[in-house]
Every structure is written in C-alpha cells, then in structure tokens.
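# Examining the three-dimensional arrangement
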Amino acid sequence: MELVSAVIITHNRKDLVMRAIESVLTQTYTNIECIVVDDASTDGTVELLSSSEDINYIYIPKSESRGGNHARNVGIAASHGVYVAFLDDDDYWLPTKIEKQLEQKKKKKCGVVYCDNRPDKTFPEKISVTTADHDINYVMLKRNEFFLNNLRYYFEHGCFRFKDLRCKEAVLKALSY
C-alpha cells in the first residue's frame, strides 16, 4: 500500500482541528501519515497537539509565519507519501474518502483525483484549479513526474478550468510552458 500524506493546516482552531485529525486517523485506507502544520496559533493548539504520537505536528512561530500557502508548502516538504491530500482544519473526511480516491485513480489511470461539490458537466475529466494558493500548485506538480505528465496531457486537451489568471500562470510555469 502506498503512503498517503494528509496535510492539515491550522491557526487558532483548537476546538475544530481534532475532528479533522480524527477523520484522517480513522480512514479505511490505513497507510496514512497525518501532518498538522500550526501557523502560529496562540489559543492552546500547541499544548493540545505537540505531545500527540499519532500526528507529525509542526509549529511555525509568529516570526516565521507567512500564511496558509506557506504552511501548506511546509506540510508538503515534511511529507513522505506518494500522494498528498489536503484537509482544512474546520472540515473532516468521511471514512472511505482516501480509499475511494485511490480506487478512482487506479480505475481511471490518472495522476490527479479531486473532490468538488460543484461538478463541471462540460467535460467529465475536468480538473479544477480554484485555489488561491498559486505557489503550492507549482510545488505539488514538480514533486512527481508521473503526476506532471498526466497534467500536461489534461492541459493540452483543454481539461482545466482556472479560477483566475494567477492559477493558470502557476500551472503553465509548473508544466514548463
């Protein structure tokens, strides 16, 4: 079983982050590492999570804090998985999420699987790039040549939709266009 790295970023949400962590740790697909990147919390999150043996807890002090995008990149850099999955601290996964995504990846022979509550019916294999985190697109794409080659194929066949020009530029940069 290939390792999946789940990256959760948090900032002052100690009352919410435990639900997100528990949803990662109770997945039916069990080869998962849970990385929680704390972006300078001051609400007791450090005390709550720093002694947990079930997660890789990374604290970014206020002097080094550069926001959510940087925290996600820190999580990616710390990951050991073949795949990286992101979860917001105020959200949670259903127990079979990772298992189902990996099944779809294998079944469809694709490099990217994503969830979207607003499916685009114009092209069934459309990839959404709607994040405001433009730098992370580049980091994630450059990390895996198989992933990158699949994205080139999808891009060349018009299968992307972009939130804005900055998202498109990040993908073009990553794909070396």
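This write-up is about the structure you can find in this document. Computed from a prediction, not measured in an experiment: that's the story for all the values here.

Before going further, it helps to spend a moment on helix α4 (residues 97-108). Relative to the 16 Å expected for twelve residues at 1.5 Å per residue, α4 spans 16 Å between its end C-alpha atoms, a close match to the ideal helical length. Considered for burial, the residues of α4 that qualify are Lys97, Ile98, Gln101, Leu102 and Lys105. When α4 is viewed along its axis, its buried side chains cluster within an angular range of 125 degrees and face the same direction. In α4, those exposed residues whose orientation departs by more than 90 degrees from the buried face are Lys100, Lys106 and Lys107.

What follows deals with the side chain of threonine 45. Here threonine 45 shows up in helix α2 (residues 45-49). At 2.5 Å, the side chain of threonine 45 and the side chain of aspartate 43 are in polar contact. When near neighbours in sequence (up to four residues on either side) are disregarded, threonine 45 contacts Thr10, Asn12, Arg13, Lys14, Asp38 and Tyr57.

It is worth spelling out helix α3 (residues 68-78) at this point. Every α-helical turn comprises 3.6 residues, leaving residues that sit three or four positions apart pointing alike. When you tally the buried positions in α3, you get eight out of eleven residues, the bulk of the element. The set of residues buried in α3 consists of His70, Ala71, Arg72, Asn73, Val74, Gly75, Ile76 and Ala78.

On to the sheet that holds strand β4 (residues 83-88), then. Overall, parallel pairing links the four strands, which are arranged β3-β2-β1-β4 in an open sheet. Looking at the sheet topology across the chains shown, the edges are occupied by β3 (56-60) and β4. Shown here is a sheet whose adjacent strand axes are inclined to one another by a mean of 20 degrees, direction ignored. Of the strands in this sheet, β1 (4-10), β2 (32-39), β3 and β4 are in contact with α3, which crosses β2 at around 145 degrees.

Basis of the calculations
Position labels on residues start from 1 in each chain and follow its written sequence. Whole-chain, interface and lining totals are the exception, using all residues; otherwise, since this is a predicted model, local features are given only for residues with pLDDT of at least 70 and side-chain atom pairs are given and counted only at 80 or more. Values reported for side chains reflect all heavy atoms of the structure, with hydrogen atoms and water molecules removed beforehand. Each helix corresponds to a stretch of at least 4 residues labelled H or I by DSSP, and each strand to a stretch of at least 2 residues labelled E; elements are numbered beginning at the N terminus. Helix span is expected to be 1.5 Å times the residue number reduced by one. Exposed residues in this analysis have more than 50% of their type's maximum accessible area, buried residues have under 20%, and partly exposed residues fall in between, with area computed by a 1.4 Å probe over protein chains only. In this description, one arc is meant: the one made by directions from the helix axis to the C-beta atoms. Think of a polar contact as two N or O atoms within 3.5 Å of one another; within protein, one of them needs to be a possible hydrogen donor and the other a possible acceptor, and neighboring residues in sequence only count if both atoms come from side chains. Two residues form a contact once any of their heavy atoms are found within 4.5 Å. At least two DSSP bridges between two strands are needed for those strands to be called paired. The axes used here are C-alpha line fits, helices contributing only the stretch in contact, and every angle between their N-to-C directions lies in the interval 0 to 180 degrees.

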